[in-house]
Structure formats: C-alpha cells, structure tokens
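Below, each chain spelled out in residue letters.
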Amino acid sequence: MVSGLPETVDLTISGPTSVVQTTRQLKDFTLFVDLRDLEMGEHRISIQTENLSEQLRVQMDPAFVEINIEERVSQEFRIDPELNERLLAEGFVLESMVADPNSVTVTGPKSVIDSISFVKATITGEPGINESFETEARVRVLANDLTKLENVTIEPEAVQVAVGIEEYSKEVPVALSQSGEPPAGIIINSLEPSVENVRIYGPKNIVDEIAELPVEVNVADITAANTELDIDLPLPNGITSLDPEKITVEADITVENELELPEGA
C-alpha cells in the first residue's frame, strides 16, 4: 500500500492562448506517479504528466512527493461503542452498550494498522434520552492521541448498537422499626425482612442522600397463628419507584402462658 500521495496538486500551464484554453476546457490530461520499479520503503518521486501538448510549459506544486510503500495487512479489532452521556435525560444513566458485530476487520499499511489504539462506534442523538434503543453507528479507527487514521478500509463500516438506558438507582438497606403494641401474651424477639436491601430509583441528588429505607412494622397485627406480615414499602419524597415494592416481615415471637404451673404439678 502507498501512503503520502496528495489527492491534488496545483498545475500551471502556459503557451499559445488557443492551446491553453483548449486544455483548460477539455481537461483530458492525466497526472500520475510511476511506482512500477520501486521496492517497499520510503521514496521521493516526481509527478508526471500525460496527454499534455508539447507546446505547453508545465509547472506543478508540488513537483515531487515523499511516499511510503508498505506491506498491506488486515487485523481484527474489537469495537468500543461510545455515547456522550450529556445527551441523557436528568436522572437517567447509561447501563450498557453492545455492538453487533462486536469487531471489525481493518486493512491498510502496516504502520497505520500498528498505530491503531481505539476502534470507536459513536452513537449520536438528540438530548433528553430516557429509554433504551438500537441504532446504527459508523466505525472509526483512532491513534493514541484520538486523531482519526486515514488510508484504511473498515469492514463493516457501520454496526448496530443496542444501548441500555436506566433510571438512576442504588441499593439501600431496609431498616425495620416497631410501631403499636403486640397482643397480650406475645413477646416480639426479633423482626426479619424477606430482603435485606431494596433498590430505589430517582434523581441522582435525591437518591444519593438516602442511606437506608425506614419501614415501620405494626406489631399489633402479629399473633401466635400469624407471624408473617406483608408490608407495602413507603416511597420516600422525590423517589420515583422501588424494587421490590413490597416485602414480607417474619416475627420471631414468644407466647407467654397466662398461668405457669409449678414443675411436677
């Protein structure tokens, strides 16, 4: 593969007016470089012309170019999808991004392939994203300083990316407290929730301030025959939802006898 060739050069022609005007109008000439006898490596070569009238004087800028002939190589790279999280709606976070396929084959000069540090598939969109979605993203190959690398082919050039968006959340412990009085003859030894933690959802500034979820258990509803209570969890101010929304609390109790008889009676 050849690198270093400019896409265009400035060509100045002079000579008889009619020949100059005809050449400008038809533009049926060619500029080229002859690489047939060159080996791999760096070379300084001249730009040549073809099909220009001998009556014309020609100047080119540049007249010579520095090129590099290298081995053509192909290598597979894993794709790193990316999304500017400032596009997310307030209170939502990026949960996952999965590219399909998750890798691409990049072909180009060996020096360019060796300089690839990142292979990105950048997802774009309008601000205010608040739900998961799928989209097509073009693939770019970047050097270590994040400059885009040219003179390569990427297969495929675009991939499908599944983006998972969730409302901001965290887990907090359940903090049980007793309310009311147990029925006569019932002693509450301990209360045990069916889950130790619940997940709370909402704006980050509110969620981060909550260290635990207080849950009151009305022990007046506990009896010797029913030691399990289903409790709807309270929704703290500013929190949008809980998972789970309800828990079961099991009470370890002692039932007192109304009359204790002496041993052996």
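Heads up: these notes are all about the structure in this document. Since this is a predicted model, take the numbers as computed values, not measurements. (Residues numbered from 1 in each chain as written. Predicted model: local features only at pLDDT ≥ 70, side-chain atom pairs only at ≥ 80, totals over all residues. Heavy atoms only, no water.)

**Observations concerning the sheet that holds strand β14 (residues 153–155)**
- Taken together, 3 strands build an open sheet; the order of strands is β8-β11-β14 and the sheet is antiparallel. Lying at the two open borders of the sheet, with one neighbouring strand each, are β8 (72–78) and β14. If you compare each strand with its neighbour and ignore which way they point, the axes differ by 25° on average.
- Sheet analysis places strand β11 (residues 103–109) next to β14, joined by 3 bridges and oriented antiparallel. Bridge assignment links V106 to a residue of β14, and that residue is I154. (Pairing = 2+ DSSP bridges. Helix = DSSP H or I, 4+ residues; strand = E, 2+ residues; numbered from the N terminus. Axes fitted to C-alpha atoms, helices over the stretch in contact; angles between N-to-C directions.)

**Overview of the pattern of salt bridges**
- Tallied over the entire structure, the rule returns 9 salt bridges.
- Among the ionic pairs, R140 bridges to E82, the shortest N-O distance being 3.1 Å. In this pair, R140 is assigned in strand β13 (residues 133–142) and E82 in strand β9 (residues 80–83), connecting sequence segments 58 residues apart.
- A relative accessible area of 27% places R140 in the partly exposed class.
- With a shortest N-O distance of 3.4 Å, E157 and R138 are connected by a salt bridge. With E157 in the loop between β14 and β15 (158–167) and R138 in strand β13, the pair connects residues that are 19 residues apart, well separated along the chain. (Salt bridge = Lys/Arg side-chain N within 4 Å of Asp/Glu carboxyl O. Buried < 20%, exposed > 50% of the residue type's maximum accessible area, 1.4 Å probe, protein only.)

**Points about the side chain of S103**
- Tracing the backbone shows S103 in strand β11.
- Owing to a relative accessible area of 17%, S103 belongs among the buried residues under this scheme.
- Engagement of the side chain of S103 in a polar contact is seen with the side chain of E76, the distance being 3.2 Å.
- With sequence-adjacent residues up to four places away left out, S103 is seen in contact with E76, F77, R78, I79 and P156. (Polar contact = N/O pair within 3.5 Å; in protein donor to acceptor, adjacent residues only side chain to side chain. Contact = heavy atoms within 4.5 Å.)

**Some thoughts on the packing of aromatic side chains**
- In the structure shown here, the tally under the stated rule is 0 aromatic pairs.
- When the ring centre of F64 is taken as origin, the NZ or CZ atom of R44, which lies over that ring, is 4.4 Å away. (Phe/Tyr/Trp six-rings, centres within 6.5 Å; stacked < 30°, edge-to-face > 60°. Lys NZ or Arg CZ within 6 Å of the ring centre and 35° of its normal.)

**Section: unusual backbone geometry**
- Of note, the bond from D100 into P101 is cis; its omega dihedral lies within 30 degrees of zero at 0°.
- When you line up the elements, P101 lands in the loop between β10 (92–100) and β11.
- Cis geometry is adopted by the peptide bond preceding P156, which originates at E155 and carries an omega value of -5°.
- Following the sequence through the fold, P156 ends up in the loop between β14 and β15.
- For N51, which is not a glycine, the phi torsion comes out positive at approximately 70°.

**Overview of helix α1 (residues 17–26)**
- Taken residue by residue, α1 has V19, V20 and T23 as its buried positions. For α1, the angular spread of buried residues about the axis comes to 100°, placing them on one side. Residues of α1 that are exposed and point more than 90 degrees away from the buried face comprise T17 and Q25.
- For α1, the elements touching its buried residues are β2 (10–14).
- Looking at the residues trailing α1, positive phi occurs at K27, about 45°. (Arc of directions from axis to C-beta.)

**Digging into the sheet that holds β13**
- The 5 strands are arranged β9-β12-β13-β15-β10 in an open sheet whose pairing can be described as mixed. Here the strands that pair on one side only, and so sit at the sheet edges, are β9 and β10. Direction aside, neighbouring strands of the sheet carry axes that sit 40° apart on average.
- Direction of pairing for β10 relative to β15: antiparallel, over a ladder of 8 bridges. Residue V98 lies in a different strand from β15, and its bridge partner there is A162.

**Section: the side chain of E70**
- With respect to the helices and strands, E70 occurs in the loop between β7 (64–69) and β8.
- No salt bridge is formed by the buried E70. Its closest oppositely charged neighbour is K110, at 7.6 Å.
- A polar atom in the side chain of E70 sits 3.4 Å from the side chain of N68.
- If sequence neighbours within four positions are ignored, E70 has contacts with M1, S3, M40, P109, K110 and S111. (Lys, Arg positive; Asp, Glu negative; His and termini not counted.)

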